[in-house]
Structures are given as C-alpha cells and as structure tokens.
Amino acid sequence: MSSDIAIKVENISKSYHIYEKPQDRLKQFIYPRFQRFLKNQPKQYYREFWALKNISFEIKKGETVGIIGRNGSGKSTLLQIISGTLNPTSGSLHTNGRIAALLELGSGFNPEFTGRENVYMNAAILGLSQTETDSKLDNILAFADIGDFLDQPVKTYSSGMVVRLAFAVQAQVEPDILIVDEALAVGDAKFQAKCFKSLTKLKANGTSILLVTHSSEQVVNHCDHTILLDHGKEVSQGQPRMIVNRYMDLLFGKEPTKIINNTLVQESELENNHNVDSILSTIEDKFASRHGYNPSEYRWGDGAAKILDFYISADDEVFPSALEVGQKVMLNCSLKFLKDLINPIFGVTIKTKDGVTVYGINSEKTELVSFRETGITGQLVIVSIRFDCLLAPGDYFVSIGIASMDGGEVIPHDRRYDSIHLQVRPDNSFYGLVNLDCKLNVKDVI
C-alpha cells in the first residue's frame with residue numbers, strides 16, 4: 001500500500017446469520033457436523049443478511065471522506081470494520097497509523113468510572129502513556145468543558161456531556177485516522193462548531209477523517225470526497241455536492257419516470273415539456289403520485305372543491321430532488337369545483353420542519369380577481385405560484401388549500417397541510433431562515 005494512503009478497503013463484505021428461533025442456533029452448531037461426517041450436504045438453519053457487499057475505496061492522508069446513506073445502509077458496520085471492532089466476512093482492509101473512533105455514544109467509557117478516570121483509560125487504549133495523558137489533560141478538560149462533573153461517574157452525565165468528553169480525548173491524542181459516526185449530532189451548535197474547527201486542525205496536520213452523518217450540509221462543507229451506500233452496496237462516490245444530490249433522490253424516492261395521464265413519461269421528456277396543462281391531472285387525484293409528496297400530510301374540508309395534482313419546477317428541472325438557493329421555483333396546482341362556491345380563496349404556506357411559518361399568501365391578499373370569479377360546479381382551474389428560492393438550507397413543507405367566505409366565516413373545502421416536501425441544498429453564503437441578500441458597505445470616516 002502506498003505511503004500516502006491511510007485506508008484501503010478492497011471488496012469488503014459482511015454477512016450476519018439470522019435465526020428465526022433460538023433452537024435453530026443450537027441446530028446449526030450440532031447438526032452440520034454430523035451431516036458432514038455422514039458425507040451429506042450440510043443444512044443451514046439460518047438465513048444470511050449481507051450488511052455490506054463488495055465495498056472498495058481508498059482514503060489518502062489528510063483527506064476527509066463522508067459516508068452517507070439511509071438508515072440500515074451499512075455505514076456503521078463499515079466503520080466498525082475499519083476501526084477493528086468487527087471482522088469482515090470477506091475482502092481486505094489496510095490501515096496506516098493509529099485509529100481513534102467515536103462509533104457510539106460513550107463507547108469505550110465505563111459508566112461507573114468518573115470522567116477523569118475514563119479519560120486516562122481511553123487515552124491508554126489509544127496508546128498514550130500516563131505521562132503523555134498528563135501533558136494533554138488541561139487541553140482535554142478545556143475542550144470538554146464539563147466543569148465539576150469531571151470527577152462524577154459517567155452514568156450521571158447527559159448524552160451531550162458524554163460526547164463532549166469522548167471527542168475531547170480523541171481530538172487531543174492527534175490520531176492518524178479519526179472515525180466519527182453521528183456522534184456530533186447530540187452536541188449543541190456551539191460545540192459542533194468547536195468540533196469542526198478541531199477537525200480542520202487535525203486535517204491540516206495530516207489526520208485522515210471518516211465522517212458518517214445525515215447532515216448533507218456537513219458533508220458538502222467539510223468533506224473532500226463522499227461515498228453513498230444503500231442496502232449494503234456502494235451506489236456512488238465522488239464530489240460531495242453531486243453525491244448529496246444523488247442521496248436526496250434516493251432518500252425521497254425520486255424515480256426516473258413519471259405517470260402523466262396514465263402514460264409513462266421519462267423525466268427528460270418532462271424537463272422539455274413546459275405545457276403545464278398537459279402534465280397536471282384534471283380528472284383524478286394524482287397528488288400522492290408526485291415526487292415530493294408528503295404521505296404524512298393532514299387533509300380536511302367539506303369536499304366542495306378538490307386539489308387534484310401539483311407540478312413543481314426549479315429553473316429548468318422538473319420535480320427536483322432538492323432546490324438550490326436562488327433558483328426560480330414554479331408550483332402549479334390543478335383544482336376542481338364540485339359545487340358552486342361564492343368568492344373562493346386559494347392559499348399557500350411554507351413552513352420549516354419545526355412548524356415555523358416562513359411565508360404565506362392567498363388569492364384574497366393578492367386581490368387575484370380572476371380566482372374570485374371561479375367556483376362553478378365542474379370547473380377546472382390551474383393556479384400558478386412563482387417565487388425565488390431564498391430559503392436557508394434545510395427541510396420545508398408546503399401547505400395549500402381552497403376555502404370560501406360566507407358572511408365573514410371561512411369555510412374550508414380542501415386543505416392539504418404539509419403536503420409537499422421541499423429540500424434546500426447546503427449553501428454557506430448566509431445563515432438564518434431566509435436570504436435577504438443584504439449588501440455590506442464600509443466608509444472610511446478619517
């Protein structure tokens with residue numbers, strides 16, 4: 001293995017034996033021996049589950065590599081094999097240098113020992129002598145910042161305190177390879193910023209970092225290379241932003257084809273087709289078949305009108321897996337009136353995943369006269385909403401609805417709360433909820 005390679009993984013696979021009943025484990029231990037003795041084909045009393053299958057990659061010294069994928073994709077299994085706590089079923093692994101790993105919350109800590117005792121024990125496991133640990137102790141304690149809890153049993157710590165102390169030890173021993181598996185997710189924003197500053201310093205000193213996280217923003221901002229796993233197999237690897245986009249497609253179920261008016265249409269055809277009328281269903285409710293639909297939506301109303309379908313595009317991309325900050329977004333909805341309505345109202349609201357309303361508008365506030373004049377039984381209408389994506393990176397949900405006014409009382413006909421999921425890709429040009437595109441200026445007054 002080349003001296004500039006820190007980790008080399010070649011066709012690593014990991015299989016687990018799954019037993020349906022406890023007695024099957026005993027059968028597997030005893031019966032195959034007799035079957036082989038009798039020169040019969042041994043019978044298996046288990047089924048195989050492949051957590052990993054033929055994974056290969058290299059990590060250079062000083063490189064930060066992100067591993068992403070859905071839950072159950074094999075990320076943690078792979079890290080445990082690299083850190084040496086699991087053996088692969090097949091394949092080979094080569095590492096170059098001392099490895100430090102944060103695989104699970106508090107892994108390597110004895111809950112009955114105090115924080116101070118665990119620091120010395122953990123450092124010893126990583127190869128430091130007591131004298132070396134003594135020289136680094138002040139820096140470890142300053143980084144962890146857990147105060148008087150240092151001499152209390154770890155079992156009394158909060159989850160955040162455990163990971164603060166664990167990361168402080170790993171960072172201060174300056175390993176050649178540092179493996180972090182979602183451990184930073186429990187820390188607050190200030191601690192995470194401190195951790196990533198430490199990771200940057202370690203990287204500059206030549207430490208190779210393997211980072212598993214569900215945060216696409218962390219992957220784009222901190223990784224040089226990214227690997228996407230799914231069901232134990234490598235889907236893709238390469239430049240972080242490109243792999244994150246592929247991950248979003250996988251996570252939210254974007255398919256290469258769409259059903260339009262009972263016809264299978266390729267995604268590329270959709271992108272070249274800007275005739276919204278031909279894309280949106282005006283016959284049946286196809287809302288739930290569209291990419292971006294949130295199956296956990298809350299829908300209610302008296303059914304006098306129905307929202308049948310939606311179509312969303314960002315610049316030239318139709319049904320995008322995620323939005324870029326600054327893209328021009330168009331959302332179209334097809335509606336059908338099943339009863340005569342007086343003064344119908346169409347509204348749309350965008351909220352964060354925490355339920356904070358970022359923006360809301362309706363046809364009354366915009367004085368959309370043409371919509372007021374709709375509401376005839378059997379009438380089909382397409383409503384278009386256009387806006388620039390000025391949202392901060394993250395997850396958002398769009399709610400849409402039709403109502404009407406009767407003597408000052410609002411009557412809901414079809415309200416679909418949190419019905420469309422929007423994902424905004426990482427962008428480090430600003431922070432907050434929205435991009436106000438502020439301009440900074442300075443004037444010399446001397």
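Refer to the structure presented above.
Treat the numbers as computed from the prediction; the structure is a model and nothing was measured.

Draft legend 1. The arrangement of a nonpolar patch on the surface in detail. Where nonpolar side chains cluster on the molecular surface, the patch consists of Leu26, Phe29, Ile30, Tyr31 and Phe34 and spans about 520 Å² of accessible area. Relative to the helices and strands, Tyr31 resides in helix α1 (residues 22-37). With relative accessibility at 40%, the residue Tyr31 sits in the partly exposed group.

Draft legend 2. Structural context of the sheet that holds strand β15 (residues 328-337). A sheet is described by the order of its strands in space; here four strands give the open sequence β14-β13-β15-β18, paired in antiparallel fashion. The sheet is open, and its two borders are formed by β14 (317-318) and β18 (380-388), each paired with just one other strand. Across two bridges, the pairing between strand β13 (residues 305-314) and β14 is antiparallel. Bridge pairing in β14 places Ser313 opposite Val318.

Draft legend 3. Expanded view of the side chain of Ser313. Looking at where Ser313 falls in the secondary structure, it is placed in strand β13. We classify Ser313 as buried; its relative accessible area is 6%. Leave out the neighbours within four places in its chain, and Ser313 touches Val318, Phe319, Pro320, Lys328, Val329 and Met330.

Draft legend 4. The nonpolar core, seen in detail. Counting residues in hydrophobic clusters, the biggest one holds 45 residues, and the most contacted among them are Ile68, Ile146, Tyr157, Leu165, Phe167, Leu178 and Leu199. Looking at this core element by element, the count peaks at nine residues for helix α5 (residues 159-172). With residues up to four places along the chain from it excluded, the contact list for Ile146 reads Tyr157, Met161 and Leu165. Counting residues in each nonpolar core, the second largest holds 40 residues, with Ile312, Ala314, Leu341 and Phe430 among its members.

Draft legend 5. Representation of the packing of helix α3 (residues 115-125) against helix α4 (residues 130-144). One can describe the packing of α3 onto α4 by two numbers: an axis separation of 10 Å at closest approach and a directional angle of 130 degrees. Taken together, the axis directions place α3 and α4 in an arrangement best described as oblique. Seen from above, α3 lies across α4 with right-handed handedness. Judged by residue contacts, Arg116, Val119, Tyr120 and Ala123 of α3 engage Gln130, Thr133, Asp134, Leu137 and Ile140 from α4. Broken down by class, the residue content of the contact of α3 with α4 amounts to five nonpolar, two polar and two charged.

Draft legend 6. Structural detail: the environment of Lys233. The residue Lys233 is located in strand β9 (residues 233-238) in this model. As for Lys233 and Gly74, which are separated by 159 residues in sequence, their C-alpha atoms are 7.9 Å apart. For Lys233, the residues in contact, after removing those within four places along its chain, are Lys53, Ile55 and Leu228.

Draft legend 7. Fine view of the packing of α3 against α5. Axis separation between α3 and α5 bottoms out at 10 Å; the angle between their running directions is 35 degrees. Along this stretch, α3 crosses α5, giving a crossing that reads as right-handed. Residues Gly115, Val119, Asn122 and Ala123 of α3 form the contact with α5, whose own contacting residues are Leu165, Val169 and Gln170. Residues of the contact of α3 with α5, tallied by class, amount to four nonpolar, three polar and no charged.

Draft legend 8. Quick peek at α5. With 14 residues, α5 should reach 20 Å at 1.5 Å per residue; the first-to-last C-alpha distance of 20 Å fits that figure. Judged by how many residues are buried, α5 sits mostly within the fold: 13 of 14 residues are covered.

Draft legend 9. Representation of the sheet that holds strand β2 (residues 47-60) in the model. The three strands lie next to each other as β2-β1-β4, forming an open sheet whose pairing is antiparallel. Of all strands in the sheet, those bounded by a partner on one side alone are β2 and β4 (90-95). Taking each pair of neighbouring strands and ignoring which way they run, the sheet shows an average axis angle of 20 degrees. Docked against the sheet, helix α2 (residues 75-83) engages β1 (5-18), β2 and β4, running at close to 60 degrees with respect to β2.

Draft legend 10. Looking closely at the side chain of Asn294. In this fold, Asn294 is placed in the loop between α10 (276-279) and β12 (298-300). The class for Asn294 is buried, based on a relative accessible area of 13%. Those residues in contact with Asn294 that sit more than four places away from it in its chain are Phe397, Asp418, Ser419 and Ile420.

Draft legend 11. Molecular detail of unusual backbone geometry. At Asn11, a position not held by glycine, the phi torsion is positive, near 50 degrees. On the basis of relative accessibility, which here comes to 45%, the residue Asn11 falls in the partly exposed class.

About the criteria used
- Residues numbered from 1 in each chain as written.
- Predicted model: local features only at pLDDT ≥ 70, side-chain atom pairs only at ≥ 80, totals over all residues.
- Heavy atoms only, no water.
- Patch = residues over 30% accessible without salt bridge, like charges linked within 9 Å, V, L, I, M, F, W, Y side chains within 5 Å.
- Areas by Shrake-Rupley, 256 points an atom, 1.4 Å probe, with all protein chains shown as cover.
- Salt bridge = Lys/Arg side-chain N within 4 Å of Asp/Glu carboxyl O.
- Helix = DSSP H or I, 4+ residues; strand = E, 2+ residues; numbered from the N terminus.
- Buried < 20%, exposed > 50% of the residue type's maximum accessible area, 1.4 Å probe, protein only.
- Pairing = 2+ DSSP bridges.
- Contact = heavy atoms within 4.5 Å.
- Core = buried A, V, L, I, M, F, W, Y, C linked by side-chain atoms within 4.5 Å.
- Axes fitted to C-alpha atoms, helices over the stretch in contact; angles between N-to-C directions.
- Parallel < 35°, antiparallel > 145°, perpendicular 65-115°, else oblique.
- Left-handed = near helix turned anticlockwise from the far one by under 90°.
- Nonpolar A, V, L, I, M, F, W, Y, C, P; charged D, E, K, R; others polar.
- Expected span 1.5 Å × (residues − 1).

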